[in-house]
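# Fold and contact review
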Amino acid sequence: MTQKLIAIDLDGTTLNGSSLISPKTKDVLQRATKAGHIVSIATGRPFRMSEQFYRQLNLKSPMVNFNGALVHLPYQHWLQESETLFSRDIVFDILAQKDALQLDYIAAENRDTFFVDRIDFEDAYLFSNEKPTEANLLENLKTNPTSMLVQTNNDMAETVTDQLVQQYSDYVDVSTWGGPKAILEIVAKGIEKAHGVKIIADSFQIDRQNIIAFGDEHNDVEMLDYAGWGVAMANGSEGAKAAANDITEKTNDEDGLADYLEKYLAI
């Protein structure tokens, strides 16, 4: 079979409901690599929150973090590396509107660390495996960030998104995470997973038609549409399914990605 670039989302796709890679999924992805294909993680997570899965799969390939804002080859210098930042002024401008927008917290991230406006909220481990300290307070943000997260209640999600888009659409894009809480992610204008996957594909001279991508959520839509063969998870959002060429028969809790890929590659 022609060499494929296999772009895999993590949460809700490669990872099961316990945020783990199952033995079968690991086996199939490693067999795909041994067969000569390139398996590349494309996630909204920062590297510090996805490194464990990169290592677990024994990957040597470039990966996409922050939904395309960081494209890099971990532990190595890579000429094609790309990192897209936006102005820190936007972070503090949104912070000034925290009460009006009914935001629970505001966080800014870069490839090395993260900053939050408070360190006493229940999702303190959302940004790192370690509990934040005063060094992680937003007031210590001195450089332009790679990504930003804000959380509000579900009833306000659409209103907050509309407000942010109205104010900053010339500079950033705003997307929502799936799940029970309304978490909005902000990255530089024009940044999405498809942007990162294209950089990786171009670096290996892999045609778009030879990219297969797996995803389940809103932030996977452009990647699923861009790939020559986009596959949405059975547990995915309606938007992801509409953008895909196919849908797995099984969910992420049933090794849906592994089951599909094993048949697709005939490995």
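Everything in this summary refers to the structure shown in the same document.

Parameters and conventions
- Throughout, a residue's number is its position along its own chain's written sequence, starting from 1.
- In keeping with the predicted nature of the model, local features appear solely for residues at pLDDT of at least 70, side-chain atom pairs appear and are counted solely at 80 or more, and the whole-chain, interface and lining totals rest on all residues.
- Values reported for side chains reflect all heavy atoms of the structure, with hydrogen atoms and water molecules removed beforehand.
- Strands here are runs of E lasting at least two residues and helices are runs of H or I lasting at least four, both read from the DSSP assignment and numbered beginning at the N terminus.
- Only protein chains enter the calculation, and the probe is 1.4 Å; a residue is then buried if its accessible area is under 20% of its type maximum, exposed if over 50%, and partly exposed in between.
- As used in this record, nonpolar core signifies buried Ala, Val, Leu, Ile, Met, Phe, Trp, Tyr and Cys residues forming a set joined through side-chain atoms within 4.5 Å.
- Contacts are residue-level and defined by heavy atoms, with any inter-residue pair within 4.5 Å sufficient.
- The term salt bridge refers to a pairing of a side-chain nitrogen on Lys or Arg with a carboxyl oxygen on Asp or Glu at a separation within 4 Å.

## Considerations on unusual backbone geometry
Negative phi values dominate among residues other than glycine, just as trans dominates among peptide bonds. Unusually for a residue other than glycine, N67 sits at a positive phi of about 55°. Within the fold, N67 resides in the loop between β3 (63-65) and β4 (70-72). Even without glycine at this site, Q102 takes up a positive phi of about 55°. Here Q102 shows up in the loop between α4 (88-95) and β6 (103-109). The exposure class of Q102 is partly exposed, given its relative accessible area of 41%.

## Topic: the nonpolar core
One broad trend across soluble globular proteins is that nonpolar side chains are buried collectively. Judged by nonpolar contacts, the single largest core of 49 residues is most densely connected at I6, I8, F214 and L261. Once you skip the residues sitting within four places of it in the chain, F214 turns out to touch I6, A7, I8, D9, T13, M223, L224, V231, L257, Y260 and L261. Core analysis: the second largest hydrophobic core is formed by 27 residues, L70, F86, V187 and I191 among them.

## A look at the pattern of salt bridges
Any two side chains of opposite charge can pair, on the condition that their charged atoms come close. For the structure on display, the rule yields 16 salt bridges. Here D11 makes a salt bridge to R45, at a shortest N to O gap of 2.7 Å. Of this pair, D11 sits in helix α1 (residues 10-14) while R45 sits in the loop between β2 (38-41) and α3 (51-56); the two residues are 34 residues apart in sequence, bridging distant segments of the chain. Overall, the relative accessible area of 33% leaves D11 in the partly exposed class. For R45, a relative accessible area of 17% corresponds to the buried category. The partner of E262 in a salt bridge is K24, and the shortest N-O contact between them spans 3.8 Å. Taken as a pair, E262 in helix α9 (residues 256-265) and K24 in helix α2 (residues 23-34) lie far apart in primary sequence, 238 residues in all. Overall, the relative accessible area of 23% leaves E262 in the partly exposed class. Among the charged side chains, a network of salt bridges with common partners joins K24, D27, R31 and E262.

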